[in-house]
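Residues per chain, in single letters:
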Amino acid sequence: MTSEKTLFSKIIDREIPSTIVYEDEKCIVINDINPKARVHLLVIPKKPIATLFELTPEDKDVMGHMMLLLPQLAQAQNLEGFKTQINTGEAGGQEVFHIHIHLLGN
Ligand code: 5GP
């Protein structure tokens, strides 16, 4: 087990700059640095869970919290609809090993 901070933990701790769209005690929402749509947000739990494979029952609350946040974020960006994506594992195209939900909309 490594104690190295994830890229997103460094963003959460303001060690790396980013555009923070929303933050509360459980999660942070930032603009993706390389947007694939007009709106491309990343919803990130403050707990640095590596992938969906590492989720445990104690993570139900934060995962549900983030799901409930998605439509609110979309409405705040004036989106009538949106896509979500969670890349999981190298084979699933995941590059940053700290769970995040992509929210994309045009
Ligand atoms: P993944 O491929 O792991 O699902 O997605 C990682 C996402 O993080 C990519 O869409 C990438 O553009 C974004 N990303 C990588 N580094 C940074 C960064 O330093 N700041 C921000 N805001 N986004 C980043």
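Scroll up to find the structure.
Here the structure is a predicted model, which is why all the values come from computation and not from measurement.

S.K.: So, the site of the ligand: which residues are in play, and what are the values?
M.R.: If you check the shell around the ligand, you find 16 residues, and the closest are Asp32, Asn87, Glu95, His100 and His102. One of the backbone N or O atoms of Val96 is found 2.9 Å from an oxygen atom in the ligand. A distance of 2.8 Å is found between an oxygen atom of the ligand and a side-chain nitrogen or oxygen belonging to His100. When isolated, the ligand has an accessible area of 520 Å², and the protein chains bury 86% of it. For the shell around the ligand, the secondary structure elements donating two or more residues are helix 1 (7–12) and strand 2 (27–31). Residue composition of the shell around the ligand, by class: seven nonpolar, seven polar and two charged.

S.K.: Help me get a handle on the pairing of strand 3 (residues 39–45), residues and values and all.
M.R.: Burial runs high along strand 3: seven of the seven residues are buried. Residues Val39, Leu41, Val43 and Pro45 of strand 3 are buried on one face, and the alternating residues His40, Leu42 and Ile44, pointing to the opposite face, are buried as well. One ladder, built from five bridges, connects strand 2 with strand 3; its direction is antiparallel. Counted as the bridge partner of Ile30 is Leu42 from strand 3.

S.K.: Requested: an account of a nonpolar patch on the surface, with residues and values cited.
M.R.: A grouping of Leu52, Leu55 and Ile86 is seen on the molecular surface, where their side chains present a nonpolar patch of about 190 Å² in accessible area. The residue Leu55 is located in the loop between strand 3 and helix 2 (60–76) in this model. Using a relative accessible area of 31% as the deciding quantity, one classes Leu55 as partly exposed.

S.K.: Account for the nonpolar core, with residues named and values stated.
M.R.: By size, the foremost hydrophobic cluster in this structure holds 17 residues, and its most contacted members are Val29, Leu41, Val43, Met66, Leu69, Leu73 and Leu103. Listing elements by their share of this core, those giving two or more residues are strand 2, strand 3, helix 2 and strand 5 (101–105). Here this core gets seven residues from one element, more than from any other, and that element is helix 2. When neighbours within four sequence positions are excluded, Val29 is seen to be in contact with Thr19, Ile20, Val21, Tyr22, Leu41, Leu42, Val43, Leu69 and Leu73. Ile12, Ile30, Ile44 and Val96 belong to the second-largest nonpolar core, a separate cluster that totals eight residues.

Here is what the cut-offs are and how they apply
- Residues numbered from 1 in each chain as written.
- Predicted model: local features only at pLDDT ≥ 70, side-chain atom pairs only at ≥ 80, totals over all residues.
- Heavy atoms only, no water.
- Near = heavy atom within 4 Å.
- Polar contact = N/O pair within 3.5 Å; in protein donor to acceptor, adjacent residues only side chain to side chain.
- Areas by Shrake-Rupley, 256 points an atom, 1.4 Å probe, with all protein chains shown as cover.
- Helix = DSSP H or I, 4+ residues; strand = E, 2+ residues; numbered from the N terminus.
- Nonpolar A, V, L, I, M, F, W, Y, C, P; charged D, E, K, R; others polar.
- Buried < 20%, exposed > 50% of the residue type's maximum accessible area, 1.4 Å probe, protein only.
- Pairing = 2+ DSSP bridges.
- Patch = residues over 30% accessible without salt bridge, like charges linked within 9 Å, V, L, I, M, F, W, Y side chains within 5 Å.
- Salt bridge = Lys/Arg side-chain N within 4 Å of Asp/Glu carboxyl O.
- Core = buried A, V, L, I, M, F, W, Y, C linked by side-chain atoms within 4.5 Å.
- Contact = heavy atoms within 4.5 Å.

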